[in-house]
Amino acid sequence: VLSKVKLTEGVMKILMIAPGNSIHSKRPLDLLLENGCDVTFVDSVNPYPEGRDRYQFLPYPSPRGMSYYKMLGESITGRLLFWSVVLQLWLLWRRIRPDVVHVHWVDYRAYHCVMARLRPLVLSVWGTDINQYYLPGADLEKLSTIRKVLAKADLVIVDAPIMSSKCAHLAKREIHTELLHLGVDTKVFRSGYRDAVFEWKHRLAIPPDTKVLFSMRAFDQRYNHHIILDAFAQAQPRFKTNVILIFKTYNQKYYSSSVEYEIHMCRRAEELGIAGSLRWMEEVPFEQLPEIYALADGIINYPSLDTLPVTFLEAAACERLVVTSRLPSYLGTFAERYFLMVDPGNITDLADALVKVVNDDAATQRAALMAEARKVVEKE
């Protein structure tokens, strides 16, 4: 993409459009800044309000002239407001003159960039932004938009091989993709943190000798926490020791549906008689995430669709076993060799896997296997 780009004084200028409230945006942003790029970050949320060297934040353009357009009718007003955003993006691009426009999470903002003809356009696919169009009841109008976006991109960055074919299928043509995972800091994500584990157990009212299972993914229905809950209830009578299951609800301030989902989960736990065996963890700083892995005796990951989640890398670096659904995007990766995989949507098989993790009679062999998994993550 950049083979014909002539850089000014050897410094790459990036116009980055991404969700400012997500760690998945801050990590690549940090990588760009640490490698000497000039980054203009555009969103409604500034990830670095305190500022950084070679960094500037600009709010994402908002529709202008709404009060003047209303008299023209809803359809015309919508189109005019859309084009006002497109025009503002083009003016911003013309003023900054970036070497690359990089959009994270493919949605309407990427479509704005396409319609504004911002080039070269690089898209980073996060997973759900593409996978949602493979689910029943997908919004056909949005699907049509995403097809156009993928077809016009100069480069699409994916983190699992299967996402390349999915993007090409949606675009209805071959597209240029690169497989790139952001990785994990293995100096921070590691085993240990014993004092922190003791503190977390005290804070969450978990007895010291109790084992912990952790459903680590974002608290949203697409990650099938309700299936995990039912499987845990089915497995509980077979556990040889006391076990606590933790769900993290950190993203409720971003997704109102997560609040409703938690209410449903709490009611279901009461019905199953396992409410006392659950804990709910709110948002913790990213720096403390290794402590959370250390707290867990097993990590549960059970979505129906996915790419290759950073959860796998973090868990392996922390030498923690993962029980996961067996998805096409996971096959052929290190996860297939080192993690415990069960078929999607099978509560009984998932319950059996949880029992196996908790009542692990081959703990020594399992520890050796996870130490090997860490070495793979360090190497790759």
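Before any of the text, the structure's been laid out above.
Scoring rules and cut-offs
Residues numbered from 1 in each chain as written. Predicted model: local features only at pLDDT ≥ 70, side-chain atom pairs only at ≥ 80, totals over all residues. Heavy atoms only, no water. Helix = DSSP H or I, 4+ residues; strand = E, 2+ residues; numbered from the N terminus. Rg over C-alpha atoms; globule rule 2.2 N^0.38 Å. Buried < 20%, exposed > 50% of the residue type's maximum accessible area, 1.4 Å probe, protein only. Contact = heavy atoms within 4.5 Å. Areas by Shrake-Rupley, 256 points an atom, 1.4 Å probe, with all protein chains shown as cover. Lys, Arg positive; Asp, Glu negative; His and termini not counted. Charge placed at Lys NZ, Arg CZ, Asp CG, Glu CD. Pairing = 2+ DSSP bridges. Axes fitted to C-alpha atoms, helices over the stretch in contact; angles between N-to-C directions. Salt bridge = Lys/Arg side-chain N within 4 Å of Asp/Glu carboxyl O. Phe/Tyr/Trp six-rings, centres within 6.5 Å; stacked < 30°, edge-to-face > 60°. Lys NZ or Arg CZ within 6 Å of the ring centre and 35° of its normal. Disulfide = S-S within 2.5 Å.

Colleague: Help me understand the overall build of the chain in this model?
Modeller: Of regular secondary structure, the chain possesses 15 helices and 13 strands. Its C-alpha atoms give the chain a radius of gyration of 23 Å, near enough to 21 Å, the size a compact globule of 380 residues would have. For the chain, the C-alpha atoms occupy an extent of roughly 65 × 50 × 40 Å along the three principal directions. Taken over 380 residues, the chain has a buried fraction of 51%. In the chain, once contacts between residues fewer than 6 apart in sequence are set aside, the share between residues at least 24 apart is 64%. Only carbon and sulfur atoms are counted for the fraction: they give 52% of the accessible area of the chain, which is about 19200 Å². Across the chain, the mean location of the 46 positive side-chain charges is 6 Å away from that of the 44 negative side-chain charges.

Colleague: Teacher, can you tell me more about unusual backbone geometry here?
Modeller: For residues besides glycine, phi is generally negative; the peptide bonds are generally trans as well. The amide bond that connects Arg 119 to the next residue, Pro 120, takes the cis arrangement and shows omega of -15 degrees. Backbone geometry places Asn 224, a non-glycine residue, at a positive phi of 60 degrees. Within the secondary structure layout, Asn 224 lies in the loop between strand E8 (211-215) and helix H9 (225-235). Judged by relative accessible area, which is 8%, Asn 224 ranks as buried.

Colleague: It is not clear to me how the sheet that holds strand E9 (residues 243-248) should be interpreted in this structure. Could you clarify?
Modeller: Hydrogen bonds between backbone groups are what pair the strands of a sheet, and the pairing can be parallel or antiparallel. As summarised here, the arrangement of the six strands in space is E10-E9-E8-E11-E12-E13, forming an open sheet in which the pairing is parallel. The outermost strands of the open sheet, each flanked by one partner alone, are strand E10 (278-281) and strand E13 (340-342). In this sheet, neighbouring strand axes are inclined to one another by 25 degrees on average, regardless of whether the strands run parallel or antiparallel. With four bridges connecting them, E9 and E10 associate as parallel partners. When the sheet's bridge partners are listed, Leu 245 is paired in E10 with Leu 278. Across the sheet, helix H14 (residues 347-358) lies against E8, E9, strand E11 (298-301), strand E12 (322-325) and E13, angled at about 165 degrees from E13, the strand it touches most.

Colleague: Help me out: how do you make sense of the pattern of salt bridges in this one?
Modeller: For side chains of opposite charge, pairing can occur when their charged atoms come near one another. Summed over all chains, the structure comprises 13 salt bridges. Two residues, Arg 109 and Asp 107, come together in a salt bridge whose shortest N-O distance is 3.0 Å. Put simply, Arg 366 and Asp 360 hold a salt bridge, and the shortest N to O gap is 3.8 Å. Here the salt bridges do not stand alone but share partners, grouping Asp 230, Arg 268 and Glu 271 into one network.

Colleague: Would you mind going over the side chain of His 112 with me for this structure?
Modeller: Here His 112 lies in helix H4 (residues 108-115). For His 112, a relative accessible area of 8% gives the class buried. Ignoring anything within four residues of it in the chain, the contact list for His 112 reads Tyr 60, Phe 82, Val 85, Val 86 and Leu 89.

Colleague: Would you take a moment to explain the packing of aromatic side chains for this structure?
Modeller: The description of two aromatic rings rests on the distance between their centres and on the angle between their planes. Per the stated rule, a full pass over the model turns up 15 aromatic pairs. Ring centres of Phe 82 and Tyr 111 lie 5.7 Å apart, and the angle between their planes is 35 degrees; this geometry places the pair in the tilted category. Here Phe 82 is found in helix H3 (residues 74-96), whereas its partner Tyr 111 is found in helix H4, with 29 residues between them in sequence. For Phe 82, a relative accessible area of 22% gives the class partly exposed. Centre to centre, the rings of Phe 232 and Phe 239 are 5.8 Å apart; their planes meet at 50 degrees, and the pair counts as tilted. When its relative accessible area of 0% is taken as the criterion, Phe 232 is described as buried. In textbook terms, an aromatic cluster arises when at least three aromatic residues are bridged by ring pairs, as seen for Phe 219, Phe 247, Tyr 261 and Trp 280. One Lys or Arg, Arg 97, reaches over the ring of Trp 93 and ends 5.8 Å from the middle of that ring.

Colleague: Would you mind going over the state of the cysteines with me for this structure?
Modeller: Between two cysteines, a covalent bond joining their sulfur atoms is known as a disulfide. Inspection of every chain in the model, using the stated rule, returns zero disulfides. Looking at Cys 37, it has no disulfide partner, and the nearest cysteine sulfur is the one in Cys 113, 18 Å off.

Colleague: Just to check I follow, could you spell out the environment of Asp 53 for this structure?
Modeller: Examined against the element boundaries, Asp 53 turns out to sit in the loop between strand E2 (38-43) and strand E3 (55-59). Using a relative accessible area of 68% as the deciding quantity, one classes Asp 53 as exposed. Sequence spacing of Asp 53 and Cys 37 is 16 residues, and the spatial spacing of their C-alpha atoms is 9.7 Å.

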